[in-house]
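Close look at the chain arrangement
Below are the chains, spelled out letter by letter.
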Amino acid sequence: MHAKDLVTPGYLHERLSLDKDSGLIFWKHSNSVPTNWNTKYAGKEAGLKTLVDGYRVVNILNKPYKVHRVIWAMVHGEWPAIDIDHIDGCKKNNAISNLRLASSVMNHGNMIINRSNNTSGYKGVSWDKRQKKWRASIKVHKQAKKLGAFSNKHDAAEAYNRAAVAGFGVFAKINMINRSITNDQ
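These numbers come from a predicted model, not from an experiment. (Residues numbered from 1 in each chain as written. Predicted model: local features only at pLDDT ≥ 70, side-chain atom pairs only at ≥ 80, totals over all residues. Heavy atoms only, no water.)

Here's the deal with the sheet that holds strand β10 (residues 133–140)
Sheet architecture is open: three strands sit in the order β9-β10-β11, paired in antiparallel fashion. The open sheet has two free edges, formed respectively by β9 (125–128) and β11 (143–150), since each of these has just one partner strand. Within this sheet the neighbouring strands show an average axis-to-axis angle of 30 degrees, counted without direction. Note: β9 against β10, four bridges, orientation antiparallel. The partner of Asp128 across the bridge, within β10, is Lys133. (Pairing = 2+ DSSP bridges. Helix = DSSP H or I, 4+ residues; strand = E, 2+ residues; numbered from the N terminus. Axes fitted to C-alpha atoms, helices over the stretch in contact; angles between N-to-C directions.)

Following this line, the structure appears as structure tokens:
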């Protein structure tokens, strides 16, 4: 949405109350809506609908708004001009302490493993059937980089981690490597 199409942060405060610690928003009683609306919604949590992509949304004046962006606007008094990153990677954790401004590249760096076909258990690591090795790769600034082929998935995961920290800095979501697992294939 363009800035001109967004409701004002002031309007958000008129209609919603915010618990910054929990990241929950609640509908306020309003004299500008029918009594039956107040009976049904006032004091109740808003933004319970979850989109297919995992983000919660709230409908305000018949337009959907992502809850984490609404919370940012309520706390900071303006709509964010860029992406909002969930530091812990959990799209439903909208506590203000879990939200930070991020470019789309940095936000991408903080993504968790989300593919159901990931066989390595590590971000950026896949099995190369032809070479019979674990391959590490990363995509930074829309550029895919091959990081090498490794005899075990832990070394490949460490290569990914180094590249992620170099490419994404504090936004890097690195792999937690458990070397006690001996089955590399």
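Next comes the rest of the description.
Structural notes on the sheet that holds strand β2 (residues 24–27)
Ordered in space as β1-β2-β3, the three strands form an open sheet in which the pairing is antiparallel. Each edge of the open sheet carries a strand with a single partner, namely β1 (16–19) and β3 (45–46). When β2 meets β3, the two strands line up antiparallel, connected through two bridges. Its bridge partner lying in β3, Ile25 is registered against Ala46. On the sheet, helix α3 (residues 67–76) packs against β1 and β2 and is oriented at approximately 90 degrees with respect to β1. (Contact = heavy atoms within 4.5 Å.)

What about the pairing of strand β6 (residues 63–66)?
One ladder, built from four bridges, connects strand β5 (residues 56–60) with β6; its direction is antiparallel. By the bridge assignment, Asn59 is partnered in β6 with Pro64.

Geometry only, nothing functional implied.
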